[in-house]
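Here's the letter readout for the chains.
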Amino acid sequence: MMAQILKACVVCGTASEGPRCPRHAKPPVSRHRVYCNLRDRIVAASTVCGICGQPLDNGDQIVVDHRLPRAHGGSDDAANLQAAHKRCNAAKSGRLPSRY
Ligand SMILES: [Zn+2]
Ligand SMILES: [Zn+2]
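These figures come from a predicted structure and were not determined experimentally.

Definitions and cut-offs
- Residues numbered from 1 in each chain as written.
- Chains lettered and ligands numbered in written order.
- Predicted model: local features only at pLDDT ≥ 70, side-chain atom pairs only at ≥ 80, totals over all residues.
- Helix = DSSP H or I, 4+ residues; strand = E, 2+ residues; numbered from the N terminus.
- Rg over C-alpha atoms; globule rule 2.2 N^0.38 Å.
- Buried ≥ 20, exposed ≤ 12 C-beta atoms within 10 Å, placed from the backbone.
- Contact = placed C-beta atoms within 7 Å.
- Core = buried A, V, L, I, M, F, W, Y, C linked by C-beta atoms within 7 Å.
- pLDDT = per-residue confidence, 0-100.
- Pairing = 2+ DSSP bridges.

Re the overall build of the protein chain
At step 1: In terms of helices and strands, the protein chain carries 2 helices and 4 strands.
At step 2: Ordered by position in the sequence, the α and β elements of the protein chain form the string β-β-α-β-β-α.
At step 3: Over its C-alpha trace the protein chain gives a radius of gyration of 21 Å, far above what one expects of a compact globule, namely 13 Å for 100 residues.
At step 4: Each principal axis of the C-alpha distribution contributes one length, and for the protein chain these read about 60 × 35 × 20 Å.
At step 5: Across the 100 residues of the protein chain, 9% fall into the buried class.
At step 6: For the protein chain, restricting intrachain contacts to residue pairs at least 6 apart in sequence, the fraction spanning at least 24 positions comes to 39%.

Below you can see the structure in the form of structure tokens.
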């Protein structure tokens, strides 16, 4: 067993194994968090719905649609994502097989 080098927590100064003690440990940035940020950027950058081609108006509920659904092997990459009206996305997903 190697000796553990303790560091002072950057928040409270308590000695711990990492830069922060367990009480102040930051949760790791999750894949979900990264995806949410990407999603927000795509929505902010988009002006038309990727499904119907109509403008995305302020009052519309906007979601991010996977061009190729994840169930079909689509990725969470920006290239596979597009902003769409929630209603268009719902109509699209209703046409695709959701289960295998
Ligand atoms: Zn602390
Ligand atoms: Zn639409």
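From this point, the narrative continues.
Some thoughts on the nonpolar core
At step 1: In this structure, Cys49, Ile62, Val64, Leu81, Ala83 and Ala84 together form the largest nonpolar core, which totals 6 residues.
At step 2: Contributing elements (two or more residues each) for this core: strand S3 (62-66) and strand S4 (81-85).
At step 3: Top element by residues in this core is S4. It accounts for 3 residues.
At step 4: For Leu81, the contacting residues outside a window of four places in its chain are Arg39, Ile42, Val64 and His66.

Re the confidence of the model for the protein chain
At step 1: Considering every residue of the protein chain, the mean pLDDT works out to 88; 90% of them sit at 70 or more.
At step 2: The weakest mean pLDDT in the protein chain belongs to helix H2 (residues 86-95) at 84; the strongest belongs to S4 at 96.

Digging into the pairing of S4
At step 1: Counting buried residues along S4, 4 of its 5 residues qualify, which places the element largely inside the surrounding structure.
At step 2: Inspection of the sheet shows S3 paired to S4 by 5 bridges, in the antiparallel sense. When the sheet's bridge partners are listed, Val63 is paired in S4 with Ala84.

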